Amino acid sequence: AQSVAQPEDQVNVAEGNPLTVKCTYSVSGNPYLFWYVQYPNRGLQFLLKYITGDNLVKGSYGFEAEFNKSQTSFHLKKPSALVSDSALYFCAVRSASLSTLTFGKGTMLLVSP
Amino acid sequence: DAGVIQSPRHEVTEMGQEVTLRCKPISGHNSLFWYRQTMMRGLELLIYFNNNVPIDDSGMPEDRFSAKMPNASFSTLKIQPSEPRDSAVYFCASSSRNRGVITEAFFGQGTRLTVV
């Protein structure tokens, strides 16, 4: 079985400050990890993924994430938050043997001006 | 490519009626997923097709739900009869896995279903 935990329901950060949205996972074998963002009344948009290679992955809109195998984590980060980054963020995992993504429950990011 | 296309965007129906949700995946993608999103349960995988064949339907809530993929460019999710607790946003997503390269899943805009 594969699972994802996003321990924070909501993250609040001031514009211009760095942000971190946490994600830990459980999967058999090598993990494939993803971050998605959902704006109100929209579908999920892909941000970035880790398949193999460098542990630090850079994605869309200035976001990045760091894969930490020993801590089974894949936290999403951005050096300087924007108000327009306010949205619902989902972490997802799949194993090499499965094609299905398992999503976390989501973390609402609120960036204040 | 226009991305994953879902229709309708919104559906309001009365309890007991049949509801059909439609999805057109991205051309060339060979995997298709149906998810349901609710406040209480988050994103749940309902069913997964690979090369038009249902691979895992363990997430389908009950026999009232059925899904088909008659060809590589079209899938339907049907609820018959519908119940108020089926009210949710239903997402379709597609991805590909060719020669070991795994792509991310691309999501449609979703269908917001309200059963009254």
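Residues numbered from 1 in each chain as written. Chains lettered and ligands numbered in written order. Predicted model: local features only at pLDDT ≥ 70, side-chain atom pairs only at ≥ 80, totals over all residues. Heavy atoms only, no water.

Okay, the layout of surface pockets next. Empty space within the largest pocket amounts to approximately 660 Å³. Lining the largest pocket are 30 residues, and of these Gln38(A), Leu88(A), Gln37(B), Thr38(B) and Met39(B) lie nearest its centre. Of all the secondary-structure elements, those providing two or more residues to the lining of the largest pocket are strand E10 (87-95) of chain A together with strand E4 (31-38), strand E9 (88-95) and strand E13 (111-115) of chain B. Ranked by residue count, the leading element in the lining of the largest pocket is E13(B), at four residues. Residues of the lining of the largest pocket, tallied by class, amount to 12 nonpolar, 12 polar and six charged. By volume, the second largest pocket is sized at about 190 Å³. Together, 13 residues line the second largest pocket, and Thr100(A), Thr102(A), Leu45(B), Asp56(B) and Ser58(B) are the ones closest to its centre. (1 Å grid on protein atoms, 1.4 Å probe; cavity = no way out; pocket = protein on both sides within 12 Å on 5 of 7 lines; lining within 4 Å. Points joined across faces, edges and corners; volume = space filled by probe spheres on them. Helix = DSSP H or I, 4+ residues; strand = E, 2+ residues; numbered from the N terminus. Nonpolar A, V, L, I, M, F, W, Y, C, P; charged D, E, K, R; others polar.)

A separate point is the sheet that holds strand E1 (residues 5-7) of chain B. All names here are of chain B. The strand order across the open sheet formed by four strands is E1-E3-E8-E7, and the pairing between neighbours is antiparallel. Looking along the sheet, the strands with just one partner apiece sit at the ends: E1 and strand E7 (65-71). Mean inter-strand twist for the sheet, computed between neighbouring axes without regard to direction, equals 15°. Sheet topology note: the E7/strand E8 (residues 74-79) ladder contains five bridges and is antiparallel. Note on E8: the bridge partner recorded for Ser 66 is Lys 78. (Pairing = 2+ DSSP bridges. Axes fitted to C-alpha atoms, helices over the stretch in contact; angles between N-to-C directions.)

Another aspect to go through is the interface of chain A and chain B. On the side of chain B, 18 residues touch chain A, which itself brings 19 residues to the contact. At the boundary of chain A with chain B, total buried surface from both sides reaches about 1,700 Å², with 53% on carbon and sulfur atoms. Interface area lost by chain A to chain B is led by Leu44(A), Ser99(A) and Thr100(A), which between them contribute 27%. Remark: the boundary between chain A and chain B carries one salt bridge. Among the ionic pairs, Glu104(B) bridges to Lys49(A), the shortest N-O distance being 2.9 Å. Put simply, chain A and chain B have seven residue pairs in polar contact (both at pLDDT 80 or more) between them. When contributions to the side of chain A that touches chain B are tallied by element, the ones reaching two or more residues are strand E5 (31-38), strand E6 (44-50) and E10 of chain A. (Contact = heavy atoms within 4.5 Å. Buried area = accessible area lost by both parts, 1.4 Å probe. Salt bridge = Lys/Arg side-chain N within 4 Å of Asp/Glu carboxyl O. Polar contact = N/O pair within 3.5 Å; in protein donor to acceptor, adjacent residues only side chain to side chain.)

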